[in-house]
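# Results of the structural survey
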Amino acid sequence: MSDDAFIVSPTRKHTGTIIFLHGLGETGENWKLALSKMVKPNIKVICLNAKKIPLTLNKGFPTAAWFDLASLDENKIEDEVSIMRAVDKLHDIIDEEIASSKVSSTKTMLAGFSQGGALAIYAALTYHKRLAAVMVMSSWPVLRHTMPDAAINNTNIPMLQCHGTEDPVIFYKWGLILSAALKEMNPNKYELKSYEGLMHAVNDQELKDASDFINKIFP
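Let us look at the structure shown here. (Residues numbered from 1 in each chain as written. Predicted model: local features only at pLDDT ≥ 70, side-chain atom pairs only at ≥ 80, totals over all residues. Heavy atoms only, no water.)

## Here we look at the nonpolar core
Cut-off, in case you're wondering: Residues enter a nonpolar core if they are buried and are Ala, Val, Leu, Ile, Met, Phe, Trp, Tyr or Cys, with the set joined through side-chain atoms within 4.5 Å. Only protein chains enter the accessibility calculation, which uses a 1.4 Å probe. A residue is then buried if its area is under 20% of the maximum for its type, exposed if over 50%, and partly exposed in between. Only DSSP runs of H or I with at least four residues qualify as helices, and only runs of E with at least two residues qualify as strands; both kinds are numbered from the N terminus onward.
Judged by nonpolar contacts, the single largest core of 45 residues is most densely connected at L48, F67, L90 and L110. Of all the secondary structure elements, the ones that give two or more residues to this core are β2 (16-21), β3 (43-48), α2 (80-101), α3 (115-125), β7 (133-137) and α4 (172-185). Among the elements that make up this core, the one with the highest residue count is α3 (8 residues). Core analysis: the second largest hydrophobic core is formed by 26 residues, V39, A111, F113 and A133 among them.

## Section: the pattern of salt bridges
To be explicit about the condition: Criterion for a salt bridge: a side-chain nitrogen of Lys or Arg within 4 Å of a carboxyl oxygen of Asp or Glu.
According to the stated counting rule, one finds 4 salt bridges in the structure shown. The closest approach of N and O atoms between K193 and E191, which form a salt bridge, is 3.2 Å. Note that D212 is salt-bridged to K208, the shortest N-O span being 2.9 Å. One end of the pair is D212 and the other is K208, both in helix α5 (residues 204-217) and 4 residues apart, which spans about a single turn. According to the relative accessible area criterion, K208 is partly exposed, its value standing at 46%.

## Regarding the packing of aromatic side chains
Just so we agree on the cut-off: Centre distance within 6.5 Å is the pairing criterion for rings of Phe, Tyr and Trp, where only the six-membered ring of Trp is used; planes under 30 degrees apart are then read as stacked, over 60 as edge-to-face, and the remainder as tilted.
Evaluated as defined, the whole model comprises 3 aromatic pairs. Between W31 and F113, the ring centres sit 5.4 Å apart and the planes meet at 35°, which makes this aromatic pair tilted. You can see W31 sitting in helix α1 (residues 29-36) and its partner F113 sitting in strand β6 (residues 108-113), a full 82 residues away along the chain. Of the residues examined, W31 reaches a relative accessible area of 8% and is grouped as buried. Residue F113 is classed as buried on the basis of its relative accessible area, which comes to 6%. One aromatic cluster is present, built from ring pairs that chain together F20, W31 and F113.

## What about α1?
One turn of the α-helix equals 3.6 residues, which is why residues spaced by three or four share an orientation. Applied cut-off: Picture the helix axis, draw a direction to every C-beta atom, and the arc is the one those directions span.
Where α1 is concerned, the buried positions are W31, A34 and L35. End-on, the buried residues of α1 take up no more than an arc of 90°, which puts them together on one face.

## Observations concerning the pairing of strand β9 (residues 190-195)
This is how the line gets drawn: In this scheme, strands are said to pair when DSSP sees at least two bridges between them. Note on handedness: a clockwise path from strand one over the helix to strand two, with the strands aimed away from the viewer, defines a right-handed crossover.
Sheet topology note: the strand β8 (residues 159-164)/β9 ladder contains 6 bridges and is parallel. Looking at β9, one finds that C162 is bridged to K193. What joins β8 to β9 is α4, and the crossover it makes is right-handed.

## A closer look at α3
Most of α3 sits out of view: 11 of its 11 residues are buried. Turning to α3, its buried residues are Q115, G116, G117, A118, L119, A120, I121, Y122, A123, A124 and L125.

What follows is the structure in C-alpha cells.
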C-alpha cells in the first residue's frame, strides 16, 4: 500500500486508523503533514493517493481523481460505474488494512476533502462493517438519488462535516444538501461546522475542529 499512500506510522501500540482521501488533482502528501500534527502516537494515518485518470471535467487530461467527473454542476450526470468502482476499491482497502493490522473496523475512521470526502461518506454508508467515524471537508453528496436506500450501515456513527461558506468550487449549498441527508439519517451523532468566508480550502479553525474530532474518536 505504501506506493499508493503517504503513511504516518504509529510509534506506540497501534490502536486506531484513519484513512484519508485527498481532493481532485492532489496527493496525500500535504494531508499527511497536517494530520500527523493532530494524531496521538498510537494512531496510524493512511493518506491514499488517487491514480491519474483521463478526467472528463479536465477535457480528458490525466488528473489524480478517485472517479471520473464531467461537471461540477448541481444537476450533473454522474458516472455511476466509475463511482461504484472507486467505492468497491476503497472497501477492499479497508478490508486489507483491518486484516493486516488486526485493528478492527470500529477503530477505523474514514475522512476526505472535496472529491475524497464525497467518496468517503458514500463508502462509509455502504460498507458492511461498523466504522469508528467519518469526517468530510468541502464535499458534496454523490449518487444522492440512491440515498437513503443505499445506506446499509454506519448511519449512526460520529460524523463531522466542514464547509466554507464562500466555496467557489463545491458550493456551500451543495454542502447543505449533503448536510440535510446526513442529519436526517443521523440526527444524534452528526455535526456540520461552517466557516464564514472560507473558500475551497481549510483554515486554522477547521484544522482545529478536525483535530478535536479525531481526538474525541481516538482519546
